[in-house]
Amino acid sequence: MANFGDLLGSFIQSNMAQSGSGRMGNALQDLQANLGRMVGGQGGQGGQGGQGGQGDMLGSLLEMAKGTLGNASQSPMQAGGLGAVLGSVLGGGGKSVKGAMTGGALAMLAGIAYKAFTEAGQAPHASGAPTASGASELPLGLRAPQTAAEEQAMENTAQLVIKGMINIAKSDGQVSVEEIQRIVGKIEAAGMGADAQEWLMTELRQPLNLDAFVAEIPSQEVAAEVYAASLLAVEVDTPQEQDYLRRFAEKAGLHPLVVQHIHQSLGVAV
């Protein structure tokens, strides 16, 4: 069975659009500057917040990125060493599902989604449930999974994010045989197993079915993460890609303000 947490990091790293790294840099800068004030007392920055707080998933990454991103000029990609920071976002940090998620791409995507909903004043479905202390718990991705069910939910989210990146690549035509071979070859070179390669090849070959894909998405948080990842996968410079994003947002029920804030976090024009 493919480990989708590990596969997500490898897939993003191997298949980002040319501007994807710059967009990730913009997102990390944005989250570092703004996410701490949003989570407030739910766990401080820099991995000091304790269980359930920002420090569980994204805080340590942002602390590591602070020096590099804090010295960046107008273009975050001009900062020396940013590639190592992005590698940490993508790399996961462990072979288990929990380890792969903890330092990985889902933490960044969950942060983008959480910030977008907060700034838009929207209450997404399946928001964090109250904890024993009465505080609202951060969504999965911004905190470590506490149960096997939560680990599986994060694994499912990683799978949907990968599907979303594949689907937007299909929006202006089917993926060619040569492109499939290139993508799968890079995943194999990254050390992913035969199960992951087989699953990926099957997904790449299937025709685009947006309605069926949206039906798989369990919540607006996950839809927002998929949307953000889609902006990493392509340049969004064709009418077909722009139309796909519009239709995905509409079918998934993402409010236009949420979409606008996702674009702003990644530095992509709406």
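Shown above is the structure to which this text applies.
What counts as what
- Residues numbered from 1 in each chain as written.
- Predicted model: local features only at pLDDT ≥ 70, side-chain atom pairs only at ≥ 80, totals over all residues.
- Heavy atoms only, no water.
- Core = buried A, V, L, I, M, F, W, Y, C linked by side-chain atoms within 4.5 Å.
- Buried < 20%, exposed > 50% of the residue type's maximum accessible area, 1.4 Å probe, protein only.
- Helix = DSSP H or I, 4+ residues; strand = E, 2+ residues; numbered from the N terminus.
- Contact = heavy atoms within 4.5 Å.
- Salt bridge = Lys/Arg side-chain N within 4 Å of Asp/Glu carboxyl O.
- Expected span 1.5 Å × (residues − 1).
- Polar contact = N/O pair within 3.5 Å; in protein donor to acceptor, adjacent residues only side chain to side chain.

Draft legend 1. Up close: the nonpolar core. One finds Phe-248, Leu-254 and Ile-262 to be the most contacted residues of the largest nonpolar core, which totals 69 residues. Tallying contributions element by element places helix H6 (residues 105-120) first for this core, with 11 residues. Those residues in contact with Leu-254 that sit more than four places away from it in its chain are Phe-117, Gln-220, Ala-223, Ala-224, Tyr-227, Phe-248, Ala-249 and Val-259.

Draft legend 2. Focus on the pattern of salt bridges. This structure, assessed with the given rule, holds 10 salt bridges. One salt bridge in this structure joins Asp-243 and Arg-247, with 3.0 Å as the shortest N-O distance. With Asp-243 and Arg-247 both in helix H12 (residues 239-252) and four residues apart, this pair spans about one turn of that helix. Residues Arg-246 and Glu-250 are paired through a salt bridge, measuring 3.3 Å at the closest nitrogen-oxygen approach. Taken together, the residues Arg-246 and Glu-250, both in helix H12 and four residues apart, mark about one turn of the helix. Residue Glu-250 is classed as exposed on the basis of its relative accessible area, which comes to 55%.

Draft legend 3. Broad picture of helix H11 (residues 220-233). An ideal rise of 1.5 Å per residue puts 20 Å on 14 residues; H11 measures up with 20 Å between its terminal C-alpha atoms. For H11, the buried fraction is high: 14 of the 14 residues fall into the buried class.

Draft legend 4. Inspection of the environment of Glu-241 at higher detail. For Glu-241, the position within the fold is in helix H12. By relative accessible area, Glu-241 is classed as buried at 7%. Through-space distance from the C-alpha of Glu-241 to that of Ala-169 is 7.9 Å; in sequence the pair is 72 residues apart. Residue contacts for Glu-241: discarding those within four places in its chain leaves Ile-168, Ser-171, Asp-172, Val-234, Glu-235 and Val-236. Reaching out from Glu-241, the side chain makes a polar contact with the backbone nitrogen of Val-236 at a distance of 3.1 Å.

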